[in-house]
Amino acid sequence: MTSPTAPQASWLDEIPARLADIERAHLLRRRRVVGPADGARLRVDGEPMLAFCSNDYLGLAGHPALAQAACEATQRFGVGSGGSPLVSGHSAANDALEHDLAAYVQLPRALYFYAGYATNTGINPALVGGGDALLSDALNHACLIDGARLSRATIHRYLHADLAALEAQLAACPARRKRVISDAVFSMDGDLIDIPALLALCERYDALLLLDDAHGFGVLGPQGRGSLAQAGLTGPNASHRVLYMATLGKAAGVAGAFVAGDAALIEWLLQKTRTYIFATAAPPCWQAPCAKAWS
Ligand SMILES: *Cc1c(COP(=O)(O)O)cnc(C)c1O
């Protein structure tokens, strides 16, 4: 017979103390309850404020024309998509949005997702895996980093925007499948990466470039077509080795995201991206306000 032992304290009982540690270090994150968006003005906890922190760059999130388009689309299509895109959730609205997005960013094909976070965590593992290499800017967005980790590829982090360091890593990298991942406009400092120089390195070392333009799409380039268009690398100058990703929850003021590029690469992503295949498609009522954003 074993003697009864004293019950051990559960690790779950430590959570309040661990939260208190975070608060003592002044690192506790707090949400503010924000009222209806009206361009640069927000109501925060009921108080009117001028916003310098919002991603609603063009004030479209609260724009009456987009709200009206969303209402009409909701009346017509309902609220939810009802399924994963590969089963029953790929609506005519979302199909049209993909065609519009591809045309807008002047790339052959686009795949529309319900969120940018899910786009990047999904498309990294869909294209590279164990034995492959991912070269990642040190200041990349969290979802690029998480996607890189999920892929099980070897991650080589280079100093922010240091293309000489990146080139040294590419030259030394023995993996056949190499992928460079970078924000186009970096979230924290707002600086732009030199896209033509980055692409030239990818060409020299046969790497694929994933460019996250969450902060450039809708804002930079002719008619807001994004950083890649600003760099002159779309339309007839588009490269088959660039995957261009952007979100529709920032300048476009709605929600969702997309990845665009070479038609075969996009087809591959449709076949292999787990965050696309095993998740409910974006609601069809988001398409109309998105289309309104650039019309
Ligand atoms: C906001 C952001 C994302 C995530 O997009 P969501 O649609 O909000 O999930 C991805 N990458 C960058 C650089 C971002 O700033």
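Refer to the structure printed above.
One structure accompanies this document, and this report is about it. (Residues numbered from 1 in each chain as written. Predicted model: local features only at pLDDT ≥ 70, side-chain atom pairs only at ≥ 80, totals over all residues. Heavy atoms only, no water.)

This part takes up the layout of surface pockets. By volume, the largest pocket amounts to about 430 Å³. Surrounding the largest pocket, 16 residues form its lining, Leu127, Arg177, Lys178, Leu208 and Leu265 being those nearest its centre. At the level of elements, helix 5 (116-127), strand 6 (178-183), strand 7 (207-212) and helix 10 (263-272) are the ones that each hand at least two residues to the lining of the largest pocket. When its residues are assigned to classes, the lining of the largest pocket shows 8 nonpolar, 1 polar and 7 charged. Its volume calculated, the second largest pocket comes out at about 160 Å³. Contributing to the lining of the second largest pocket are 13 residues, with His90, Asp95, Glu98, Arg109 and Ala110 lying nearest its centre. Every element with two or more residues in the lining of the second largest pocket is listed here: helix 3 (85-89), helix 4 (92-105) and strand 3 (109-113). In terms of residue count, the dominant contributor to the lining of the second largest pocket is helix 4 (4 residues). (1 Å grid on protein atoms, 1.4 Å probe; cavity = no way out; pocket = protein on both sides within 12 Å on 5 of 7 lines; lining within 4 Å. Points joined across faces, edges and corners; volume = space filled by probe spheres on them. Helix = DSSP H or I, 4+ residues; strand = E, 2+ residues; numbered from the N terminus. Nonpolar A, V, L, I, M, F, W, Y, C, P; charged D, E, K, R; others polar.)

Further remarks concern the pairing of strand 2 (residues 47-50). Along any regular strand the residues' side chains alternate between the sheet's two faces. The pairing of strand 1 (residues 41-44) with strand 2 spans 4 bridges and is antiparallel. Its bridge partner being in strand 2, Arg43 is matched across the sheet by Pro48. In textbook terms, the turn of a hairpin is the stretch between consecutive antiparallel strands, and for strand 1 and strand 2 this stretch comprises 2 residues, one of which, Asp45, has a positive phi near 50 degrees. (Pairing = 2+ DSSP bridges.)

Another aspect to go through is the environment of Leu228. Structurally, the position occupied by Leu228 is in helix 9 (residues 227-230). Judged by relative accessible area, which is 2%, Leu228 ranks as buried. Spatially, the C-alpha atom of Leu228 lies 9.0 Å from that of Phe217, the residues being 11 residues apart in sequence. If near-sequence neighbours (up to four positions away) are discounted, Leu228 is found in contact with Leu107, Ile195, Leu211, Asp213, Leu233, Thr234, Val242 and Tyr244. (Buried < 20%, exposed > 50% of the residue type's maximum accessible area, 1.4 Å probe, protein only. Contact = heavy atoms within 4.5 Å.)

On to the site of the ligand. Taken together, the residues surrounding the ligand are Ala115, Gly116, Tyr117, His141, Cys143, Asp183, Ser187, Asp212, Ala214, His215, Thr247 and Lys250. A distance of 2.6 Å is found between a nitrogen atom of the ligand and a side-chain nitrogen or oxygen belonging to Asp212. At 2.7 Å from an oxygen atom of the ligand is found a side-chain nitrogen or oxygen belonging to His215. For the ligand, whose free accessible area comes to 380 Å², the fraction covered by protein is 82%. (Near = heavy atom within 4 Å. Polar contact = N/O pair within 3.5 Å; in protein donor to acceptor, adjacent residues only side chain to side chain. Areas by Shrake-Rupley, 256 points an atom, 1.4 Å probe, with all protein chains shown as cover.)

To continue, consider the nonpolar core. Counting residues in hydrophobic clusters, the biggest one holds 37 residues, and the most contacted among them are Leu166, Val180, Leu198, Phe217, Leu248 and Phe258. Looking at this core, the elements with two or more residues in it are helix 4, strand 3, helix 7 (163-172), helix 8 (195-204), strand 7, strand 8 (242-247) and strand 9 (257-261). The next biggest cluster of nonpolar side chains, apart from the first, holds 22 residues, and it includes Ala126, Val128, Leu144 and Ile266. (Core = buried A, V, L, I, M, F, W, Y, C linked by side-chain atoms within 4.5 Å.)

The next point concerns the sheet that holds strand 7. Spatial ordering of the open sheet is given by 3-9-8-7-6-4-5, a layout of 7 strands whose pairing is mixed. Sheet topology places strand 3 and strand 5 (154-158) at the edges, where each strand pairs with a single neighbour. On average, each strand axis in the sheet is tilted by 20 degrees relative to the strand beside it, whichever way the strands run. The sheet contact formed by strand 3 and strand 9 spans 5 bridges and is antiparallel. Looking at strand 9, one finds that Ala110 is bridged to Ala260. Across the sheet, helix 7 touches strand 4 (133-137), strand 5, strand 6 and strand 7, and the angle it forms with strand 5 is around 155 degrees. Seen against the sheet, helix 8 touches strand 5, strand 6, strand 7 and strand 8 and runs at an angle of roughly 155 degrees to strand 7. (Axes fitted to C-alpha atoms, helices over the stretch in contact; angles between N-to-C directions.)

Before going further, it helps to spend a moment on empty space enclosed by the protein. Going through the model one piece at a time under the given rule, you end up with 2 cavities of 30 Å³ or more. When its volume is computed, the largest cavity comes out at roughly 70 Å³. If you trace the largest cavity, you find it lined by Pro85, His90, Asn94, Tyr112, Phe113, Tyr114, Tyr276, Ala279, Thr280, Ala281 and Ala282. Lining the second largest cavity, in full, are His141, Asp183, Val185, Ser187, Asp212, Asp213, Ala214, His215 and Lys250.

Further remarks concern the packing of aromatic side chains. The geometry of an aromatic ring pair is captured by two quantities: the separation of the ring centres and the angle between the planes. Counting across every chain of the model gives 4 aromatic pairs. Seen from their ring centres, Tyr244 and Phe258 are 6.2 Å apart, and the 50 degrees between their planes marks the pair as tilted. Taken together, the positions of Tyr244 in strand 8 and Phe258 in strand 9 put the pair 14 residues apart, joining distant regions of the chain. Of the two residues, Tyr244 and Phe258, neither departs from the other in class, the shared state being buried. Of the aromatic side chains, those joined through ring pairs into one cluster are Tyr104, Phe217, Tyr244 and Phe258. The aromatic ring of Trp268 is capped on one face by Lys272, whose charged end is 5.5 Å from the ring centroid. (Phe/Tyr/Trp six-rings, centres within 6.5 Å; stacked < 30°, edge-to-face > 60°. Lys NZ or Arg CZ within 6 Å of the ring centre and 35° of its normal.)

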